[in-house]
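Analysis of the macromolecular model
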Amino acid sequence: MEYMKKVKKIVWFIFGLWVMTILWIIKSGCPEKTFILIFVLAAITLTYVLLVLIKPLDMFEKYIKDCLEGELDEKKVRNIPANIPFLYQISQLMEKYAALKTKKNTAQIFDKQTELTALQSQINPHFLYNTLECIRGQALLDDTIEIAKMVEALSSFFRYSISKKGNLVTLRDELANIENYMLIQRYRFNNRFSMEIIIDEEDEAAYDFLVPRLIIQPVIENAIFHGLEERMEDGIVSIEVIVTDLDMIITISDNGKGIGCEELEELNNRINANDMELDDKNKSNQINTGIALPNINRRIRLLFGKEYGVNVYSTLGKGTDVEIIIPANYKREEHENEERAFEN
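Overview of the structure. Just so we're clear, the structure is a prediction, and the values are computed from it rather than from any experiment. Chains are numbered independently. Their residues run from 1 in the order of the written sequence. In keeping with the predicted nature of the model, local features appear solely for residues at pLDDT of at least 70, side-chain atom pairs appear and are counted solely at 80 or more, and the whole-chain, interface and lining totals rest on all residues. The side-chain figures draw on all heavy atoms in the structure; neither hydrogens nor water molecules are used.

Attention shifts here to a nonpolar patch on the surface. Residues qualify for a patch when their relative accessible area is over 30% and they have no salt bridge, like charges being joined within 9 Å and the nonpolar side chains of Val, Leu, Ile, Met, Phe, Trp and Tyr within 5 Å. In this description, accessible areas are obtained by the Shrake-Rupley approach with a 1.4 Å probe, and a residue is regarded as covered only by the protein chains that are shown. A pair is scored as a salt bridge if a Lys or Arg side-chain nitrogen falls within 4 Å of a carboxyl oxygen belonging to Asp or Glu. On the surface, a nonpolar cluster with roughly 260 Å² of combined accessible area is contributed by Val40, Leu41 and Ile44. Counting from the N terminus, the helices are DSSP H or I runs at least four residues long and the strands are E runs at least two residues long. Mapped onto the fold, Val40 is located in helix H2 (residues 32-68).

Ring geometry is summarised as follows: Phe, Tyr and Trp rings, the Trp one being its six-membered ring, pair when their centres sit within 6.5 Å, and such pairs are stacked at plane angles under 30 degrees, edge-to-face over 60 and tilted between the two. The tally for this structure, following the rule as stated, stands at four aromatic pairs. On the basis of an interplanar angle of 35 degrees and a centroid distance of 5.4 Å, the ring pair of Phe157 and Tyr181 is categorised as tilted. Of this pair, Phe157 sits in helix H6 (residues 145-162) while Tyr181 is found in helix H7 (residues 171-188), placing the two residues 24 residues apart along the sequence. A single burial state applies to Phe157 and to Tyr181, both of which are buried. Between Phe189 and Phe193, the ring centres sit 5.4 Å apart and the planes meet at 50 degrees, which makes this aromatic pair tilted. Note on exposure labels: buried denotes an accessible area under 20% of the residue type's maximum, exposed denotes more than 50%, and partly exposed covers the range between, all computed with a 1.4 Å probe on protein chains only. Overall, Phe193 belongs to the buried group, its relative accessible area being 3%. Here the aromatic cluster, defined as three or more aromatic residues joined through ring pairs, consists of Phe189, Phe193 and Phe225.

A few words on the packing of helix H9 (residues 261-271) against helix H11 (residues 293-304). Each axis is a line fitted through C-alpha atoms, taken for helices only over the stretch in contact, and angles between the N-to-C directions span 0 to 180 degrees. Packing of H9 against H11 leaves a shortest axis separation of 8 Å and a crossing angle of 40 degrees. If you check the angle between H9 and H11, you find them oblique. Crossing geometry of H9 relative to H11 is assigned as right-handed. Contact residues: Leu267, Arg270 and Ile271 in H9; Leu293, Pro294, Asn297 and Arg298 in H11. When the residues that make up the contact of H9 with H11 are grouped by side-chain class, the tally is four nonpolar, one polar and two charged. Angles below 35 degrees are treated as roughly parallel, those above 145 as roughly antiparallel, those between 65 and 115 as roughly perpendicular, and all remaining angles as oblique. By definition, any crossing whose near helix is turned counterclockwise from its far helix by less than a right angle is left-handed, and any crossing with a clockwise turn is right-handed. We call two residues in contact whenever any of their non-hydrogen atoms come within 4.5 Å of each other. Note on residue categories: nonpolar means Ala, Val, Leu, Ile, Met, Phe, Trp, Tyr, Cys or Pro, charged means Asp, Glu, Lys or Arg, and polar means any other residue, Gly included.

Before going further, it helps to examine H11. Taking 1.5 Å per residue, 12 residues should reach 16 Å; H11 reaches 17 Å between its end C-alpha atoms and fits that length. Counted residue by residue, H11 has 11 buried out of 12 residues, so it is predominantly covered. Among the residues of H11, those classed as buried are Leu293, Pro294, Asn295, Ile296, Asn297, Arg298, Arg299, Ile300, Leu302, Leu303 and Phe304. Taken from the residues just after H11, Gly305 is the one with a positive phi, measuring 120 degrees. One less than the residue count of a helix, multiplied by 1.5 Å, gives the span that helix is expected to have.

This is the structure we're talking about:
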């Protein structure tokens, strides 16, 4: 605002000097026609200064003030002359800020929804951990090693799922949680299926890349209960990780019963829906799958942008592929800097 005041003062000062010059010329003696011509030129110049320079600057100053007070009106923006310096850049900056604010608010609302959903079925975690540890200790005393391993896996799985350490974890930690989950499921289904993790040697750096916590386990759970549960033997769930220059692609595949074309289209439409509310179908899915595929997709897009997310491919009778695309080598500092930038 101080800059605008200085600009207007300079404009008025220059105009004042010009008027003084005209008066000096008139006082020194000049023909009447010349006087009229100079007067008309002075009037035109004054009008130009007022309408083309001073008035737009006043409008622009008010626009900036409205932006700072949070009363931005698109109609007001359209009324500002386009020749104002840096108007387009400032408008773009304000739009980016508004989009970031919306993204932040939406992410907070969605996190609250997820937290409330988890709390509905959550019991005291310390009671759960202590109970499981007692069972594991007794199993070791009774020399039932397999039961001790299963209880340890269950305890680790719950601890990871309920942990409040943050929204981003390493892929290594996420896969370790999946190993615990699959150990439990193999006991439950009597080793009717197995899991394999495929990461090429040149892509092993991906183990330390950051991913949103609990984005793979719900997909594995879907693969088991909707694809492999009816299969009596030789069920396979594979997790393949491929790293490109910009992206990390995580593909979870199963050789289960697959999904029909209409159902697949409906599922992908639900995944890509813009509605942030959890509909009844999603709520019922969450009972079985913890965090439904549409919610995983929304979490990814809120964190990284609309170019990332979840896609499902399937062939009836052959199996299903769920593709998760997120940025490669995403830094925790990037997420924290974005948070700080918004707060500032």
